[in-house]
Amino acid sequence: MSANTLTGLIPAIQVAANKVMREQIGFLPAVYMNSAAEDAAIGQNIQYPIVPAMTSSDITAAAVPTDPDGRTLSYGTMSISKSKKIAFPWTGEEQASIANIYSDVEAQTFEQAFRRLVNEVEADLFAAAKGGASYAYGTAGNTPFGTANVLTDLAKVREYLVRNGAWGGDMHMVLSPEAGSNIRGIQSSLFKVNEAGDAELLREGTLGRLQGFQFHESGQIVQHIKGTGTGYLVDLTAGYGAGSTKIHVDTGANTIVVGDIITNTKTGRDTNKYVVNTGFAGDGDGDIEIGKPGLKIAWVNNDPVTVGANYTGNWAFNRQAIHLVARVPKLPKEGALGEHTVITDPFSGLSFLVSHYPAYHKIIWEVSLAWGVKAVNSEAIVCLLG
C-alpha cells in the first residue's frame, strides 16, 4: 500500500493517543485473535473444528489391536460481519482558519476515530460474552466484591470453570467499572504487599492476576435489560435430563432474550442460574437455548421457568472461548483511488486502514476497520452477576 502523502502524519497520530480520553478495554486484550480468518471476505463463513468427547474401553490382549470406532468431527462458523469507516473532510479555507492548531486538531480527530471503532469492537465482544456464557453466579443488582476480604464471588466462578474443564491455561476476568471499584476500594487485603506479593494494585491501581485470572475492566459493559417473559413452564412430558441445552416452554407471555438469566423455581429442584444463548420473541410457546454444558439437574414437565432481574455482568473465561478477527478492509489488487497506509493504535493494538482521498478544493480522510466476533465455547464462559 502506498503511503506517499501520509508518512509525515503518522507520528502526529500516534502522539495524539495521549491527548484524547479513552474508555477502558478489557475484552480486546483477553480474547483469541483468530488469524486464520484474516483473508476471508465480508460475510464469508469461516469454519473452526469442534472435536467430540472421547470414550474409553477396556484393554484386551490380542494378536492385533482392535479397530477403533471412527470419530465424527463437527464445525462451527463465524464471519467478518462488519466493515466500518469514519470519514472527515478538510477544505483549504478550514485549514487556514485554524492554521496555528491544525496539526493538533487533525491528530486528535484521528484518535477520536480510533476510539470510536475500538469501542464498537469492544462492545461486540461484550455482547458475545453475554450471549455465549454457560452459567451465572451472584445476585443481580448486587455488585460483587462488596464485602471486605471475601473473594467468594471469584472462587465460585472459578469453580464453574473447573467443573466445565475450562480452568487451565489462559484465564481472564473482565469486570465492570463498578466491580473494579469494589476491588480497589474494599478488598484491602490485596493492598498488603507483604501478603499479596505485588505493589501494583496499591501504587498504580492495576488489578493484575488473582486466583489464576488476569483481570481487566471494560467501559463497554452496560446493564442487561431482561426480557419481559412471565409465566413460562417446561413443556415436555418426559422432562429434560441433565446436559440438555434446548428447552421448550409454554403457557407464558412476552420475551425471553439473549443474555437473560433463567432459573427453575420449582422448590427444591435446581438452584443453578443458566444463561440464555438463544431466546425467542415471546408468543407463549417456544424454544430457548442455554449455554453448554447445559442443565446440571433434570427439569420436569410443568416446572416454572423464571427470568431473572436486570444485571450488570462481569465475565470469567478462557481466552480460547471468544474469537475476534479484525483486519483492514480489502482494497482492489489493481489499486484504489487515493493514498492508503496501515496504522496500529497503540492503545488497543488494532491496525486500521487510513486513507487519503483528494477532491475538488478539499480532501477526505478515512479510518476503517473490518471485524467479526463469536463466543465459540460457552463451557468456558461464566457470568458473575452484579
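Note that this is a predicted model, so its numbers are computed, not measured.

Thresholds applied
- Residues numbered from 1 in each chain as written.
- Predicted model: local features only at pLDDT ≥ 70, side-chain atom pairs only at ≥ 80, totals over all residues.
- Heavy atoms only, no water.
- Buried < 20%, exposed > 50% of the residue type's maximum accessible area, 1.4 Å probe, protein only.
- Helix = DSSP H or I, 4+ residues; strand = E, 2+ residues; numbered from the N terminus.
- Phe/Tyr/Trp six-rings, centres within 6.5 Å; stacked < 30°, edge-to-face > 60°.

Here the bond from Lys292 into Pro293 is cis, since omega is 10°, no more than 30 degrees from zero. Look at Phe145: it is not a glycine, yet its phi comes out positive at around 65°. Classification of Phe145 by relative accessible area gives buried; the value is 0%. Of note in this structure, Asn254 is not a glycine but carries a positive phi near 75°. Within the secondary structure, Asn254 sits in the loop between β10 (246–250) and β11 (261–264).

With that settled, the discussion passes to the packing of aromatic side chains. All chains considered together, the criterion is met by 11 aromatic pairs. An angle of 80° between the planes, with centres 5.1 Å apart, marks the rings of Phe88 and Phe110 as edge-to-face. Pair noted here: Phe88 is in strand β4 (residues 82–91) and Phe110 is in helix α3 (residues 102–130), with a separation of 22 residues, a long-range link. One exposure class covers both Phe88 and Phe110, and it is buried. Ring centres 5.5 Å apart and planes at 80° place the aromatic pair Phe126 and Trp315 in the edge-to-face group. Here Phe126 is found in helix α3, whereas its partner Trp315 is found in strand β15 (residues 314–318), with 189 residues between them in sequence. The same class applies to Phe126 and to Trp315, which are both buried. Linked through ring pairs, Phe27, Phe126, Trp315 and Phe317 together constitute an aromatic cluster.

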